[in-house]
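Residues per chain, in single letters:
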Amino acid sequence: MLAAFGSTRRAGGTAADDPQVQALLDAETPVVTLVAKSHVRHVEQALRTTLEENLAMIGDTVAHLVGQGRRVFLDCEHFFDGYQLDRDYALDVVRTAHDAGAEVVVLCDTNGGMLPPQVSEIVAAVREETGADLGIHCHNDTGCAVANSMAALEAGAMHVQGTINGYGERTGNADLVTVVANLQLKRGYDLVEPERLRHALHLSHAISEVTNVVPYGRQPYVGASAFAHKAGLHASALKVDPDLYQHIDPALVGNSMRTLVSDMAGRASIELKGRELGYDLAGQPELLARVVASVKERELRGWTFDAADASFELLLRQEVTGEALRYFDVESWRVIVEAAHRDDAAEATVKLHAGEKRVVATGEGNGPVNALDHALREALAEVYPELEKFELIDFRVRILDSSHGTDATTRVLIESTDGERTWETMGVAPNIVQAAWAALVDSFTYGLMKAGVDPR
């Protein structure tokens, strides 16, 4: 359901004659959400009006909109700070809105400075003093937006405002994905059909895509690391019962358990990860030992497979089958970066064999890695048209052994997508371009493998 959002009428006028109030009616939404001042200093210094006129603005606007058949929610801006400064006036704002017909009066922690015990105490007191149906609107400046929202609900609030993924100004707002999951899975509220809750991960990622914000891996419930397990002790227990180290079944929110592989990995971790990827390694101690040894040896050289599942799967497949998966054989590649008069340009040339043909392709790009990406795509486009769907969505560089200065080893992580799934690959080399090339080749190889494409 959509709601029109605006403010109360201007000081000194009437709601019936206020053009901004009329615009809210013209929107023809069933709900109108108004924002109003509930902090005496904001009334006097920001609105530049009297405390009495502010109450009149609230009552007049709410009553007018209700009289026009609208459901009205009133957001009390800076309520908690205002309540601590002048409790009686803050309560007068709530009573005025409630008496004028507001369906819900929302208490806003606009500055985000409250902690759960404060929120709980104030919401309970306001509920008892006014009898109004209350909502809560929290910002995350203390890292407590979700906790404060939960505290408000426990204290008697019945409405929560927030955003998907917690997006918002400064440190953000309450994350509605987390709030809804908490309420339904932890507190037993029947908010949405279970099948819809299983789309939480998809919804979170869809909003990330629209806003062009990389999904936060450590986001509760739907983050890539929310149900990821690394330590060998955990892995051993997970083989017995996954619920021993998980607070819910990740499938309830559309997520899944992940086993991370690192230098801490033991045979149990590798076996679990293999099972997750579709490889049954049980009863193969020699194979497990080889994979563990290979992982540890590469980790010593700068690899970190807990951040690059796709590169680990390619390594595991090679150990299981005894050969590397090759969609093409690279003869050579080179990159030229030219500092031109007006702009810097990079040009890459790739020579490779694919589809029983030798191909030489050149690509230009915004930097050497982008040029290599274009050149490799150009070289493979005819043989593997499936690559057209692949897109690089993140590129990260880490300098290892930085005390070595320009002689340090470089780790490059590339995140890619085909529009349906994402994957991360890695390259480690003495220079950034060589490391990026290795990660890029792994990315294309893994993507083609997951698309069910056979080498041609």
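Summarised in this report is the structure supplied together with it. What you are looking at is a predicted structure, and each value in this text was computed from that prediction instead of being measured.

## Digging into the packing of aromatic side chains
Counted by the stated rule, this structure contains six aromatic pairs. A centroid spacing of 5.8 Å and a plane angle of 90° characterise the contact between Phe-79 and Phe-80, whose relative ring orientation is edge-to-face. A ring pair is formed by Trp-333 and Trp-437, whose centres lie 5.2 Å apart and whose planes are at 25°; its orientation type is stacked. Separated by 104 residues along the polypeptide, Trp-333 in strand β9 (residues 329-339) and Trp-437 in helix α16 (residues 432-450) bring together distant segments of the chain.

## A few points about helix α8 (residues 176-186)
Residues lying three or four places apart along an α-helix face the same way, a consequence of the helix completing one turn every 3.6 residues. Within the sequence span of α8, burial applies to Val-177, Thr-178, Val-179, Ala-181, Asn-182, Leu-183 and Gln-184. Lining the buried residues of α8 we find α7 (145-154), β6 (159-161), α9 (194-197) and α10 (200-211). Its side-chain oxygen at 3.0 Å from the backbone nitrogen of Val-177, Asp-175 defines the N-terminal cap of α8. At the C-terminal side of α8, Gly-188 shows a positive phi close to 80°.

## What about the pairing of strand β4 (residues 104-109)?
Counting buried residues in β4 gives six out of six residues, a clear majority hidden from the surface. Burial along β4 is two-sided: Val-104, Val-106 and Cys-108 and Val-105, Leu-107 and Asp-109, pointing in opposite directions, are all buried. By the bridge criterion, four bridges tie strand β3 (residues 71-77) to β4 in an arrangement that is parallel. Each bridged residue has a counterpart across the sheet, and for Leu-74 the counterpart in β4 is Val-105. As judged from the five bridges shared by β4 and strand β5 (residues 134-138), these two strands associate in the parallel manner. Paired with Val-106 across the two strands is Gly-135, which belongs to β5. A crossover connection joins β4 to the parallel β5 through helix α6 (residues 116-130); in handedness this β-α-β unit is right-handed.

## Structural notes on the nonpolar core
Counting 48 residues, the largest nonpolar core has Phe-79, Phe-80, Val-94, Val-123 and Val-126 as its most contacted members. Residue contributions to this core peak at six residues, all from helix α5 (residues 87-99). With 39 residues, the next largest nonpolar core counts Ala-310, Tyr-384, Val-412 and Val-433 among its residues.

## So, the pattern of salt bridges
Applying the stated criterion to the full structure yields 23 salt bridges. Across the pair Glu-319 and Arg-290 runs a salt bridge whose closest N-O atoms are separated by 3.3 Å. Taken together, the residues Glu-319 in helix α14 (residues 309-321) and Arg-290 in helix α13 (residues 285-300) connect sequence positions 29 residues apart. Here Arg-290 falls in the partly exposed class, since its relative accessible area comes to 41%. When salt bridges that share partners are traced, they join Arg-87, Asp-92, Arg-95 and Glu-129 into one network.

## Concerning the packing of helix α12 (residues 267-277) against α14
Interhelical geometry of α12 versus α14 gives an angle of 95° and a closest axis separation of 11 Å. What the angle tells us is that α12 and α14 run roughly perpendicular. For the pair formed by α12 and α14, the contact residues are Ile-270, Lys-273, Gly-274 and Leu-277 on the first element and Asp-309, Phe-312, Glu-313 and Leu-316 on the second. Grouping the amino acids of the contact of α12 with α14 by side-chain chemistry returns four nonpolar, one polar and three charged.

## Observations concerning the state of the cysteines
Enumeration according to the criterion identifies zero disulfides in this entry. Left without a disulfide partner, Cys-138 is nearest to the cysteine sulfur of Cys-108, which lies 8.7 Å away. Look at Cys-138 and you get buried, because its relative accessible area is 1%. Cys-144 carries a free sulfur, and the closest cysteine sulfur to it, the one in Cys-138, is 9.3 Å from it. Residue classification places Cys-144 among the buried positions, given a relative accessible area of 14%.

## Things to note about the sheet that holds strand β13 (residues 409-417)
Reading across from one edge, β12-β13-β14 is the order of the three strands in this open sheet, with antiparallel pairing throughout. Each edge of the open sheet carries a strand with a single partner, namely β12 (391-400) and β14 (422-429). Averaged over neighbouring strand pairs, the angle between their axes works out to 15° when direction is ignored. Here eight bridges tie β13 to β14, and the two strands are oriented antiparallel to one another. Following the sheet pairing, Leu-413 is matched in β14 by Met-426. The strands touched by α16 within the sheet are β12, β13 and β14, with β14 carrying the most contacts at an inclination of about 145°.

## Structural notes on the packing of α5 against α6
The interhelical angle for the contact between α5 and α6, taken along N-to-C directions, is 55°, at an axis separation of 10 Å. Between α5 and α6, the interaxial angle falls into the category oblique. Between α5 and α6 lies a crossing whose hand is right-handed. Of the residues in α6, those touching α5 at Arg-87, Leu-91, Val-94, Arg-95 and His-98 are Ala-125, Val-126, Glu-129 and Thr-130. Across the contact of α5 with α6, the residue classes tally to four nonpolar, two polar and three charged.

Here is what the cut-offs are and how they apply
Residues numbered from 1 in each chain as written. Predicted model: local features only at pLDDT ≥ 70, side-chain atom pairs only at ≥ 80, totals over all residues. Heavy atoms only, no water. Phe/Tyr/Trp six-rings, centres within 6.5 Å; stacked < 30°, edge-to-face > 60°. Helix = DSSP H or I, 4+ residues; strand = E, 2+ residues; numbered from the N terminus. Buried < 20%, exposed > 50% of the residue type's maximum accessible area, 1.4 Å probe, protein only. Contact = heavy atoms within 4.5 Å. Polar contact = N/O pair within 3.5 Å; in protein donor to acceptor, adjacent residues only side chain to side chain. Pairing = 2+ DSSP bridges. Right-handed = clockwise from strand over helix to strand, strands pointing away. Core = buried A, V, L, I, M, F, W, Y, C linked by side-chain atoms within 4.5 Å. Salt bridge = Lys/Arg side-chain N within 4 Å of Asp/Glu carboxyl O. Axes fitted to C-alpha atoms, helices over the stretch in contact; angles between N-to-C directions. Parallel < 35°, antiparallel > 145°, perpendicular 65-115°, else oblique. Nonpolar A, V, L, I, M, F, W, Y, C, P; charged D, E, K, R; others polar. Disulfide = S-S within 2.5 Å. Left-handed = near helix turned anticlockwise from the far one by under 90°.

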